[in-house]
2 protein chains.
Amino acid sequence: MASFAPTEQRLDVTLGKYPAFPRQPAALVRLVKHLYKQIHDEANAMLRPYGLNHPEYNILMMMYGTPDTAMNPSQLTEAAGEKSANVTRLTNELCQKGLIARTGSDGDRRKVTLTLTPAAIALIESFLPDITALLKRQTGHLDSTEQADLERLLKKMVEGFPA
Amino acid sequence: MASFAPTEQRLDVTLGKYPAFPRQPAALVRLVKHLYKQIHDEANAMLRPYGLNHPEYNILMMMYGTPDTAMNPSQLTEAAGEKSANVTRLTNELCQKGLIARTGSDGDRRKVTLTLTPAAIALIESFLPDITALLKRQTGHLDSTEQADLERLLKKMVEGFPA
DNA sequence: AGTATATAGTTCAGTTCTGAATTATCAATA
DNA sequence: TATTGATAATTCAGAACTGAACTATATACT
């Protein structure tokens, strides 16, 4: 799956058939989808030798990115951008893999605390060079100004979605 | 699921723990994912009363965006950005819904031709106002210059992925 | 204190997606 | 012509995801 051109041609024809069709917004949405699929596929391929898939990796990295690696499922739902049912499923999987520990939380009996095991820390630190290389490769076609601009614009688009 | 802030905080802490971590590329990738999920969820909600989900809609719109609404599964794979197995599944579903006709192709006996039925055209034209409104809403936080910039930058990022 | 509402997380059944294998067909090569 | 390599699409089993319902717990209200 390569270029965006096949998609774009379809959008242009659509505009011809239905002149009110918002070609630019549709192109943006399609580009986001296109990129997401590419990013997702490449990440899955890179992570496979580590016994992880992209969503599992996302969970682990969000937990790694806390001072003490501890998070509640709700916090993960927000930070990892996954539905709560999926956070449960993913964290169950990671528990089985010995990468996450699940305990109750003090103070609020409804809350669960998830923390990374030492095995997870070791695993994360073992794949960080590969992930680093992949992330740089995936964005490497843009220079640093372009990346900053893109970040600003994507964030602005995110702001248009309800909380 | 709202803001990008929870995710971003995790990225900043990660940078502290692993100074070689490419925070900017990681943020871009996460923003793309975040947006895709939002776009996907909103589209699914909007399309549900029409008896469609987002991927089915994508297929229909790609076919609508051709002069004669005819496409091969391979072309759809490229234009809709779906894996071929998924194109088969989606088009089977749309056939069952009476929205797509499937015939053999002249000249190459391996090829299948998919065309929209009149029911599909009618359905598409019935939801186009709603989709139009949704697309405009989803991108409405950006003015037209920003949208054009974003399109250019996203396309440039796409160019960095292999064909 | 009792009741109503909200929240955290999980369960569950159904939906959606994928990689690998497969079959038929086409194109290239010897 | 026969063989090899590539392509189009589908199948299939397993993986991944989701919405709605649910239970336990906390908060707000009377």
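Source: prediction; values computed, not measured.

Trainee: Looking at this structure, how should I read the relation of the copies chain B and chain A?
Mentor: Relating the two copies of this chain is a rotation about some axis coupled with a shift parallel to it. After a rotation of 180 degrees and a shift along the axis of 0.0 Å, chain B superposes on chain A with an RMSD of 0.0 Å. Considering both components of the superposition, the chain copies are consistent with a two-fold axis. A share of 100% of interface residues in chain B that are also interface residues in chain A marks the association as one of identical surfaces.

Trainee: I tried to follow the protein's contact with DNA strand C on my own but got confused; where do I start?
Mentor: Close to DNA strand C lie 22 residues; Ser74 and Arg110 of chain A together with Asn53, Arg89 and Arg109 of chain B are nearest. Taking the atoms of DNA strand C that fall within 4 Å of the protein, sugar and phosphate contribute 78% of them. In this structure, a phosphate oxygen belonging to DNA strand C sits 2.7 Å away from a side-chain N or O atom of Asn53 of chain B. Looking at the surface near DNA strand C, the elements that each hand over two or more residues are helix H4 (73-80) and helix H5 (84-96) of chain A together with helix H5 (84-96) of chain B.

Trainee: Can you walk me through the sheet that holds strand S2 (residues 100-104) of chain A in this structure?
Mentor: Pairing between sheet strands relies on hydrogen bonds along the backbone, with the strands arranged either parallel or antiparallel. Residues and elements named next belong to chain A. Spatially, the 3 strands line up as an open sheet ordered S1-S3-S2, and their pairing is antiparallel. For this open sheet the edge positions go to strand S1 (70-71) and S2, each flanked by a neighbour on one side alone. Direction of pairing for S1 relative to strand S3 (residues 112-116): antiparallel, over a ladder of 2 bridges. Within S3, the position partnered with Ala70 by the bridge is Thr115. The strands touched by H5 within the sheet are S2 and S3, with S2 carrying the most contacts at an inclination of about 115 degrees.

Trainee: I tried to follow the protein's contact with DNA strand D on my own but got confused; where do I start?
Mentor: Close to DNA strand D lie 22 residues, the nearest being Asn53, Arg89 and Arg109 of chain A together with Ser74 and Arg110 of chain B. Among all atoms of DNA strand D positioned within 4 Å of the protein, those belonging to sugar or phosphate total 77%. At a separation of 3.0 Å, a phosphate oxygen of DNA strand D approaches a polar side-chain atom of Arg102 of chain B. Contact between DNA strand D and Arg110 of chain B: a base oxygen at 2.8 Å from a side-chain N or O atom of the residue. Secondary-structure elements contributing two or more residues to the surface near DNA strand D are H5 of chain A together with helix H4 (73-81) and H5 of chain B. Counting residues per element, the surface near DNA strand D draws most heavily on H5 of chain A, which supplies 4 residues. Class assignment of the residues belonging to the surface near DNA strand D gives a composition of 6 nonpolar, 7 polar and 9 charged.

Trainee: Just checking my understanding: could you explain the packing of aromatic side chains for this structure?
Mentor: For any pair of aromatic rings, the description rests on two quantities: the centre-to-centre distance and the angle between the ring planes. Within the structure shown, the criterion is met by 5 aromatic pairs over all chains. Ring pairs connect the aromatic residues Tyr50, Tyr57 and Phe127 of chain A, which therefore count as one cluster. Just above the ring of Tyr64 of chain B sits the side chain of Lys17 of chain A; from NZ or CZ to the centre is 4.7 Å.

Cut-offs and rules
- Residues numbered from 1 in each chain as written.
- Chains lettered and ligands numbered in written order.
- Predicted model: local features only at pLDDT ≥ 70, side-chain atom pairs only at ≥ 80, totals over all residues.
- Heavy atoms only, no water.
- Least-squares fit on C-alpha atoms with pLDDT ≥ 70 in both.
- Contact = heavy atoms within 4.5 Å.
- Near = heavy atom within 4 Å.
- Polar contact = N/O pair within 3.5 Å; in protein donor to acceptor, adjacent residues only side chain to side chain.
- Helix = DSSP H or I, 4+ residues; strand = E, 2+ residues; numbered from the N terminus.
- Pairing = 2+ DSSP bridges.
- Axes fitted to C-alpha atoms, helices over the stretch in contact; angles between N-to-C directions.
- Nonpolar A, V, L, I, M, F, W, Y, C, P; charged D, E, K, R; others polar.
- Phe/Tyr/Trp six-rings, centres within 6.5 Å; stacked < 30°, edge-to-face > 60°.
- Lys NZ or Arg CZ within 6 Å of the ring centre and 35° of its normal.

Remember, this is a structural readout, not a statement about activity or role.
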